[in-house]
Amino acid sequence: QCSLDAAWSLLRRRRCFAMTKRTHEAEGMGEEGDLMELMPLGAGQEVGRSCLCLKYKGKTVMFDCGIHPGYSGIVALPFFDEIDPAEVDVLLVTHFHLDHSASLPYFLQKTTFKGRVFMTHSTKAIYRLLVSDYVKISKVAVDDMLFDEHDLNNTMDKIEVIDYHQQVEVDGIRFWGYVAGHVLGAAMFMVDIAGTRVLYTGDYSREEDRHLKAAEIPEVSPDVCVCESTYGVQSHQPRKDRERRFTEVISGTVLRGGRVLLPVFALGRAQELLLILDEYWAAHPELHSIPIYFASPLAKRCMTVFQTYINSMNDRIRAQYQVSNPFMFKHIQSLKGMSDFDDIGPSVVMASPGMLQSGLSRQLFDAWCQDARNTCVIAGYSVEGTLAKHILSEPKEVTLMSGQSVPLKMAVHYISFSAHADYTQTSEFLDIIQCPNIVLVHGEANEMGRLKAALQHKFESAGKKVQVLNPKNCQTVQMHFKTEKVAKAVGSFAQESPKEGDKISGLLVKKGFSQHLMKPSDLDDYTQLSTISITQKQSLPFHHSFESLEKRLKRMYDGVECIIKQDLECLTIGTSGVFVYHESTSHLVLEWDSGPISDMIADSVVAIVLQMDANPVSDMGPQKLAGQANGAPYAGVDADTLKALLHSIFGDVEQKEGSPSLTVRLNSKHAEVVLETKEVISNDEELKERIEKAIQRIDRAMYPLSCC
């Protein structure tokens, strides 16, 4: 088995590498970071194993995770080996049909996937039933099974549910769902990454039937629409015409003594057909003696699920439910298996699976196909490679499960109640959403090609520039998008619209790819962030008097005060929140609340303290240090430097040989500057004050931290 798996993996890779990359570049190519890649891992020019991988802005989203109903074993899986499952951030499952969901247990349990999985409530409930039934009826050997019941059970806790229109964000990937019609719980998903939107329709129907709503129209236009193309350019008959033909074929068969086989999936279209038949039988008493069976092991549980989610259905069925339960059928019986079936006389049996691969429907087909009185009605879409698709070509012979070839004599009718959009619905839907980039999936190659050509002709005729692409499996579609960085103003900023030229100052909060501008006071209301105050403390060596530090700080800052804090003498600098107090005789403590201003002030205080401690005499300046005796030497600017600088200011400055002072003359006035102490002696107070101030400025320029 390992060698077969390896060979198949190699074959798939060769097939993929042989494919050319198709690149679509949106108008105005953006940067490399704006490259979007879409790759079908399944349902690329085929129907079955729906799975598409989207990569954009470093994020990876996977849509659907199905099985190909025409294959079994590993060949039925999507091409998971083309991606790294560990890179997938989000997996969105549109509905419960096996070709969209049945490889989920394998992907969640047998690969490196660690992301999050979402589907609607009813999809999760029905997925559990259908995949469990799929495991039981699979014809492959135990060793070849992709997963078992245990794997399925382990996936249930990993699946998260989402309501229609509920917005969810995962690591910058924002998404929400719309009603898709098709089956109960089916959803179209809109994904928004950095403002670029991708709509993945999954299977959808714009026609309301007896119990389901029609697919919704998104209120915003996507940049890319990944759209199903199941029916290509075909258009469905009106629903009433289909119902009339359906009931006429069935009633005509049973009234002539024949049997009718309706191959259906246990959930989905089966409930629509049951509603039609029960209503028709009730209106025709001549048919009351002819039984209708719903032959599925899931029959009772299926009905329970539908009754549970009645509010998800359309107005017609909800109104009927107020009177009586429409899913409590009067003319339809449950049939668990062939052993419980008394095959005597005409009857109508609705049996699963819908494509006659195996199970009850295949057993009944093998038993009835050689009787010309009998009829098989194919009421849904059939995939290439299945018996249901084969008998629509009216072959003369068919092969039974036993391997025997027998003549096909029973009548075969194709009356589609498949809730997939036809050409009319698809073209109208795309016209409304006005999407410039369309990627077709989930369609046979020929049908998809015809749909692509029809849509291109339609858009060109209307003068619209729309790209329509139909990639094969593993074929990458590349698009470039130029995105603008936008920050939304919220809170106080949003109350008044700014005018042109206004400056806005606040906090820019980024989460994922969204940015919001707000005031700090709005942080608690609009984010999950909160503001906190960080108090910092720093211990510094200090061997000077506290008064000397106070004088230094007062020279640099206004509002320096000496206060008592916690029974300690403390210096505070204005409203900055910076405090300085003695920790011991040799250390002091600097304490402040972190902030741009207070951090700057604290840094300057640290510099002053360290400078004072490293050079005690540098603290003296023109004024004496506390405790300095009168006439003590002053280690400031040297005599030559002082003489040169005073000369540049006053002009006439001289020092007689051997004199301990400088003589400064200004007009008729003069003064003496004692070099050792920088004391100024003069009879003219004005000149004396001017020289003292000049010396202070010189010292501040030469020793800024010492003379602050």
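Draft legend 1. Representation of the sheet that holds strand 8 (residues 168–170) in the model. Pairing is mixed in the open sheet, where seven strands are placed in the order 8-9-10-11-12-21-22. Since the sheet does not close on itself, it has two edges, and those belong to strand 8 and strand 22 (467–469), each with one partner. Between one strand axis and the next, the sheet turns through 20 degrees on average, direction left out of account. Against the sheet, helix 12 (residues 423–433) engages strand 10 (187–193), strand 11 (196–200), strand 12 (224–228) and strand 21 (437–441), with an angle of about 170 degrees to strand 12. Of the strands in this sheet, strand 21 and strand 22 touch helix 13 (residues 445–461), which is tilted by about 160 degrees from strand 21.

Draft legend 2. Focus on the nonpolar core. Core analysis: the largest hydrophobic core is formed by 100 residues, its most contacted members being Leu 91, Leu 104, Phe 246 and Trp 281. With eight residues, helix 7 (residues 269–283) is the largest single contributor of residues to this core. Not counting chain neighbours up to four residues away, the residues in contact with Phe 246 comprise Leu 262, Leu 273, Ile 276, Leu 277, Val 377, Ile 415 and Phe 417.

Draft legend 3. Expanded view of helix 6 (residues 239–255). The first and last C-alpha atoms of helix 6 sit 24 Å apart over 17 residues, in line with the 24 Å expected at 1.5 Å per residue. Taken residue by residue, helix 6 has Arg 242, Glu 243, Phe 246, Thr 247, Val 249, Ile 250, Ser 251, Thr 253 and Val 254 as its buried positions. As for helix 6, its buried residues are in contact with strand 13 (259–263), helix 7, strand 16 (347–351), strand 17 (375–378) and strand 20 (411–414).

Draft legend 4. A look at the side chain of Ser 50. Mapped onto the fold, Ser 50 is located in the loop between strand 2 (35–42) and strand 3 (51–56). Apart from residues lying up to four places away in sequence, Ser 50 is in contact with Gly 42, Ala 43, Phe 63, Asp 64, Cys 65, Gly 66, Asp 99, His 100, Tyr 200 and His 442.

Draft legend 5. Representation of the confidence of the model for the protein chain within the structure. Confidence in the prediction of the protein chain, expressed as mean pLDDT, is 85, and 90% of residues score 70 or more. Across residues 1–31 the pLDDT falls below 50, and counting only partners more than four positions away or on other chains, this stretch makes 50 contacts in the model.

Draft legend 6. Representation of the pairing of strand 29 (residues 568–573) in the model. Here strand 28 (residues 560–565) pairs with strand 29 via six bridges, running antiparallel. Counted as the bridge partner of Val 560 is Ile 573 from strand 29. Counting the residues in the hairpin turn of strand 28 and strand 29 gives two residues, including Gln 566, whose phi is positive at 50 degrees. Hairpin connection between strand 29 and strand 30 (residues 578–582): a loop of four residues separates the two successive antiparallel strands, and Gly 574 in this loop has a positive phi of roughly 50 degrees.

So, how was this worked out
- Residues numbered from 1 in each chain as written.
- Predicted model: local features only at pLDDT ≥ 70, side-chain atom pairs only at ≥ 80, totals over all residues.
- Heavy atoms only, no water.
- Pairing = 2+ DSSP bridges.
- Helix = DSSP H or I, 4+ residues; strand = E, 2+ residues; numbered from the N terminus.
- Axes fitted to C-alpha atoms, helices over the stretch in contact; angles between N-to-C directions.
- Contact = heavy atoms within 4.5 Å.
- Core = buried A, V, L, I, M, F, W, Y, C linked by side-chain atoms within 4.5 Å.
- Buried < 20%, exposed > 50% of the residue type's maximum accessible area, 1.4 Å probe, protein only.
- Expected span 1.5 Å × (residues − 1).
- pLDDT = per-residue confidence, 0-100.

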